[in-house]
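# Architecture and fold: a report
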Amino acid sequence: LQGAKVIQSFMWYLNPRQVFDLTQGGPREGLELYSKVPNLRILACGGDGTVGWILSVLDELQLNPQPAVAVLPLGTGNDLARTLNWGGGYTDEPVTKILSHVEDGNVVQLDRWNLLVEPNPEASQEDKDEHQTDKLPIDVFNNYFSLGFDAHVTLGFHESREANPEKFNSRFRNKMFYAGTAFSDFLSGSSKDLAKHIKVVCDGTDLTSKVQDLKLQCLLFLNIPRYCAGTMPWGHPSEHNDFEPQRHDDGCIEVIGFTMTSLATLQVGGHGERLHQCKEVTLTTYKPIPMQVDGEPCKLAPSVIHINLRNQANMVQKTKRRISMPQLNDQQPVPEKLQIRVSRISMHAYEALHYDKDKLKEASIPLGVIIVPGDSDLETCRSHIEGLEENLDEDGGTIKPEGLTFQKLSPKWCFLDCTTADRFYRIDRAQEHLNYVTEISQDELYILDPELVVKETVGTSPGMPDLVDSSGDCPDELQPQFAFPSSSSSPSTSPTLGAGDSQRMKISSDPLETEALSTQGSPKSGLCRRGAKIVNVHRPNTALADFKPMLRNATSCDVEKVSEMINCVKREDLEKLTELHKEGEDIFVQDNRGCTLLHYAVDGGSKQIVKYIVEHSPTAYLDVTEKETGETALHRAATSCQRSICHSLVEAGASLMKTDLQGETPKQRAVKANDQDLADYLENRQHYQMIQREDQETAV
């Protein structure tokens, strides 16, 4: 499922001729097609097995120079991806940013090792197993080759997946099965006699007696530092040991042994028994033994296996790079110290609002403030953030939103990047050391806490009080029924729009520029909390970034005129609406439910009135949301399958990525309404909008 979504995304961002589905004939077609392209780089989307498959085909094609291969990790373990800094799994990083990392990454070498197998003539035929095979699944490995306990577990997983593939469609479920199989194998002790049935010679040194003395139950020949979903079996040898730190490009293979105890401690930072670093290995087995090559398992008949260096492949390693932030475009030096506010976001809010940055920020919960060096990476910030909890418990120094009790951070929290395009995305924990904090923030950090429970309604700021007239003198029964977004472009504050003035106004997506625009030519709003000092606020359920919403006194506004305008729209009386607008009435009104004239025009199906309002409104006005459901005018048009009105709104710039309070986009509304043609059109335009916005971000 994840692979299908990734393919679709790449199809939108690249020429479809550059994207190849490996389930449709494998990688050879694509590699042959682009074999003559200079400076070619390949992005392998899949697990470590997928990468090995591509490297093997590159061997067969003998391309010179060999193109470098990057990895988008979609597998279960993703150990090669972790080694090359691509992380342990893909979440939702934008495709454009991934492609940028592929282009900017460093080319490094990866040792690849031959596995030459021949029958062992000295082995007894008494222990023959009906499931044994005479050859390994593949004759080359990039990550590791192992035998014993871990291979037995992998073999059980492989056989179960072959029998019931539908039960193994998620990374989490696969890992849970691994854990269960490992526990069963531990209880049965199926690998406890491994040392009695093998002989190991490394660079001429016989290690057999050492393997037997240590009663090892698993033997691992490791090429890269990572193994078994991110563990480090070789560890970090000190200066006093006889071994060197592990590298993937030194022409040496690390030989490691495990008992059941040392294998179990891998997950908590332990390591195995370091046996040797060598260039050649001869392994002899005397009975059928489970083995695995880069995760591909089998039970191999008694054999003599020769391991030697095959070649080195070119790989793309993701690099730690400093990206110029908008705040740093003037090439100012990075500040010595950064004081950063930290806020956390619940998974429910993230899933519903991750395409609406403003609403998602409003849904965040303040956690505290950290002070870090200006050149800190996210790994450094993590330790400071986790230290905030102690301070919260001791002195209560952080403001807790009203109605919320403090919840401790869950172990699974992660950083969110809100600098790309118009949305947030998660940063894999394994890649935190590759990201400077200044790449994603200079004054505020957002983190995603999947176990955070928030009772407030998504889309509103926690604890936000009702907004009332700043005078505080107007009794409840005289409170106005309509909100008037003050506009510098409305007839009441500017000359009447003529034919030459109908050109649509565009609003900058840059929040700093938008804020500057919003303060030019429009009176400041006078909203406040009752009994509090006057403050300027922005209504959270409104996306009208170019205007500051303002409630007027009942005595200072003509409610009848507003009602008349709404009735004009309901009656589809465009002539009267135009007349009122030219007389100075504001067409940007909202009723007490947050509905605009555009909402009413869509409800009535009036194409001409929709066209008139669109022509005389800024783009941001099209995305104003109704209070109760969070619907924009486009949501309503899609729900009622009004194709021509949808087309008019989309072409005018209405957002297709904005979600209502149920987390649904206009396209999803069209699907619910069973209008597949409309849904297809909206999906097509939604992808186009995403590309446009990310292109704008790249340009900035």
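Anything mentioned here points back to the structure above.
Residues numbered from 1 in each chain as written. Predicted model: local features only at pLDDT ≥ 70, side-chain atom pairs only at ≥ 80, totals over all residues. Heavy atoms only, no water.

### Let's talk about the packing of aromatic side chains
Inspection of every chain in the model, using the stated rule, returns eight aromatic pairs. A centroid spacing of 5.8 Å and a plane angle of 20° characterise the contact between Phe145 and Phe221, whose relative ring orientation is stacked. Highlighted residues: Phe145 in strand S5 (residues 144–148) and Phe221 in strand S8 (residues 218–222), separated in sequence by 76 residues. Connected via pairs of aromatic rings, a cluster forms that spans Phe141, Phe145 and Phe221. The cationic tip of Arg274 hangs over the ring face of Trp234; the distance from NZ or CZ to the ring centre is 5.8 Å. Here the guanidinium or amino end of Arg382 rests over the ring plane of Trp413, the centre of that ring lying 3.9 Å away. (Phe/Tyr/Trp six-rings, centres within 6.5 Å; stacked < 30°, edge-to-face > 60°. Helix = DSSP H or I, 4+ residues; strand = E, 2+ residues; numbered from the N terminus. Lys NZ or Arg CZ within 6 Å of the ring centre and 35° of its normal.)

### Observations regarding the environment of Cys252
The topology assignment puts Cys252 in the loop between S8 and strand S9 (253–258). When its relative accessible area of 17% is taken as the criterion, Cys252 is described as buried. Along the chain, Cys252 and Leu222 lie 30 residues apart, while their C-alpha atoms are 9.3 Å from each other. When sequence neighbours within four positions are dropped, the list of residues in contact with Cys252 reads Asp111, Trp113, Asn223, Cys278 and Lys279. (Buried < 20%, exposed > 50% of the residue type's maximum accessible area, 1.4 Å probe, protein only. Contact = heavy atoms within 4.5 Å.)

### Here's the deal with the sheet that holds strand S15 (residues 337–346)
Strands sit in the order S16-S15-S19-S17-S18 across an open sheet of five strands; the sheet is mixed. Strand pairing shows two members of the sheet lacking a second neighbour, strand S16 (365–373) and strand S18 (425–426), which therefore form its edges. With six bridges connecting them, S15 and strand S19 (residues 444–449) associate as parallel partners. In the sheet register, Ile345 faces S19, and the bridge partner there is Leu448. (Pairing = 2+ DSSP bridges.)

### Description of the pattern of salt bridges
Evaluation of the coordinates by the stated rule reveals 22 salt bridges. Measuring nitrogen to oxygen at the nearest pair gives 2.9 Å for the salt bridge that ties Asp449 to Arg344. Note that Asp449 is positioned in strand S19 and Arg344 in strand S15, a separation of 105 residues in sequence. Pair check on accessibility: Asp449 and Arg344 agree, each one buried. For Arg643, the salt bridge is made with Asp677, and the minimal N-O distance between the two is 3.9 Å. Of this pair, Arg643 sits in helix H20 (residues 643–652) while Asp677 sits in helix H22 (residues 676–699), and the two are 34 residues apart along the sequence. Judged by its relative accessible area of 53%, Asp677 falls in the exposed class. (Salt bridge = Lys/Arg side-chain N within 4 Å of Asp/Glu carboxyl O.)

### Side note on the nonpolar core
Counting residues in each nonpolar core, the largest one holds 39 residues, and the members touching the most others are Leu577, Leu597, Leu598, Val610 and Leu649. For this core, the elements supplying multiple residues, two or more each, are helix H15 (559–570), helix H16 (574–582), helix H17 (597–604), helix H18 (607–615), helix H19 (633–639), H20 and H22. Judged by nonpolar contacts, the second largest core, of 32 residues, contains Ile345, Leu367, Leu378 and Trp413. (Core = buried A, V, L, I, M, F, W, Y, C linked by side-chain atoms within 4.5 Å.)

### Describing the side chain of Thr659
If you trace the backbone, Thr659 turns up in the loop between H20 and helix H21 (666–672). Within the local environment of Thr659, its side chain forms a polar contact with the backbone oxygen of Ala352, the two atoms lying 2.7 Å apart. Every residue in contact with Thr659, bar those within four places of it in the chain, is listed here: Ala352, Leu353, Lys359, Gly630, His635, Glu664 and Thr665. (Polar contact = N/O pair within 3.5 Å; in protein donor to acceptor, adjacent residues only side chain to side chain.)

### Overview of the sheet that holds strand S13 (residues 296–300)
Strand order in the open sheet formed by six strands is S10-S9-S8-S5-S12-S13, with antiparallel pairing between adjacent strands. At either end of the open sheet lies a strand with only one pairing partner, and these are strand S10 (273–278) and S13. With strand direction ignored, the average angle separating the axes of adjacent strands in the sheet is 20°. Of the pairings in the sheet, the one linking S9 to S10 comprises five bridges and is antiparallel in character. Bridging across to S10, Glu254 finds its partner in Gln277. (Axes fitted to C-alpha atoms, helices over the stretch in contact; angles between N-to-C directions.)

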